[in-house]
Every structure is written in structure tokens, then in C-alpha cells.
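Observations on the model geometry
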Amino acid sequence: MEQTLKTLLESQDYIRVKLRLTKTNHFEIKAILNGTKGLFILDTGASNSCVGFTDIETFKLKAKESKIKAAGAGATDMFTQSASKNQIKIGKWEFKNLNLVLFDLKHVNTALIQHNAKPVNGIIGADVLKKGKAIIDYNQKYLYLKLKK
């Protein structure tokens with residue numbers, strides 16, 4: 001019997017979450033951050049997961065000053081803040097000690113809106129993907145995350 005990626009990974013305690021491809025060719029994913037639903041871009045090239053300044057209250061984040069300057073998506077040297085000890089849930093997978101970078105996502109959301117895509121609350125980066133031992137099925141548009149046993 002031919003084993004599909006889905007059955008193989010599910011037999012190894014992975015869950016799968018549907019990804020949506022935007023008109024800008026990014027994958028969007030829904031997640032729950034500190035108990036509140038949000039829409040995020042999945043970005044394997046982002047070292048840290050991020051949330052926009054405008055959503056600090058939405059996600060009950062405790063923002064602290066940061067010396068880190070953010071760069072990406074055509075912008076460099078951006079002022080940031082940080083927020084530690086956050087809980088994220090993606091499907092049935094969750095992580096309870098997530099550190100986030102907070103910065104102005106206006107340039108990201110402006111680009112998305114110009115391409116008739118929805119604005120996002122933030123970015124799911126490599127930190128979360130590594131923690132979840134993520135596997136991305138680009139063809140079927142699924143993200144697989146390993147549940148802790």
C-alpha cells in the first residue's frame with residue numbers, strides 16, 4: 001500500500017493545518033495568539049515570529065523596548081519592541097513560551113492590500129517552525145507540526 005505524506009506524518013504524531021496561498025504568493029495561516037484569533041503570513045525566511053504594533057492590545061502583549069532593528073520586505077533598520085511568554089496555538093499544536101518581535105507591519109499590509117489580499121496581524125517565522133518540527137507540503141498547501149508526546 002502506498003503511504004501518503006499525510007498518513008506517514010500523522011502516524012508520527014504530526015497534525016496538519018491548511019495553508020491559503022495569497023495573490024502575493026505567500027502562505028497565510030490562522031493561529032490563536034494569547035487566546036485571540038489572528039491571520040499570519042508563514043515566512044520560512046523570517047528568523048522570528050512577529051506581530052504588528054497595531055495589534056499589541058488585540059493579542060494582550062506586554063511590549064518591552066528592544067535594541068534589535070528589524071529588516072525585511074523592502075524595509076530596513078525598523079524600530080522594534082519585544083514581547084515574551086506568549087502562547088500560540090496553530091490547529092491542535094501549541095507552544096506556551098513564544099518570544100515575539102513587534103514592529104510596524106504597515107509596509108507589509110499595504111503591499112498585500114494593493115494585491116487584493118487581506119492584511120495580516122503578523123508573521124509566523126522560523127522560530128515557531130523549528131519548535132514545531134514543521135514540514136510544509138507546498139503542493140497540497142498544508143503545514144504539518146509535531147505534537148509533543
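Structural data are supplied above this passage.
Quick look at the structure, then. Remember, it's a predicted structure, so these values are computed and weren't measured experimentally.

**Here's the deal with the environment of L102**
The topology assignment puts L102 in strand β8 (residues 93-103). Spatially, the C-alpha atom of L102 lies 19 Å from that of L112, the residues being 10 residues apart in sequence. Setting aside its immediate chain neighbours within four residues, L102 contacts V51, F53, I56, L61, A63, F79, T80, Q81, S82 and A83.

**Brief notes about the side chain of N34**
By secondary structure assignment, the location of N34 is in the loop between β3 (27-33) and β4 (36-42). Within polar-contact distance, the side chain of N34 engages the backbone oxygen of F59 at 2.8 Å. A distance of 2.9 Å separates polar atoms of two side chains, one belonging to N34 and the other to N86. Once you skip the residues sitting within four places of it in the chain, N34 turns out to touch F59, K60, L61, N86 and Q87.

**Considerations on the sheet that holds strand β1 (residues 14-18)**
Within the open sheet, the three strands sit side by side as β1-β11-β10. Their pairing is antiparallel. Since the sheet does not close on itself, it has two edges, and those belong to β1 and β10 (135-137), each with one partner. Ignoring which end each strand starts from, the neighbouring axes of this sheet average 25 degrees apart. In this structure, β10 lies alongside strand β11 (residues 142-146), joined through three bridges in antiparallel fashion. Looking at the pairing, D137 lines up with Y142 of β11.

Cut-offs applied
- Residues numbered from 1 in each chain as written.
- Predicted model: local features only at pLDDT ≥ 70, side-chain atom pairs only at ≥ 80, totals over all residues.
- Heavy atoms only, no water.
- Helix = DSSP H or I, 4+ residues; strand = E, 2+ residues; numbered from the N terminus.
- Contact = heavy atoms within 4.5 Å.
- Polar contact = N/O pair within 3.5 Å; in protein donor to acceptor, adjacent residues only side chain to side chain.
- Pairing = 2+ DSSP bridges.
- Axes fitted to C-alpha atoms, helices over the stretch in contact; angles between N-to-C directions.

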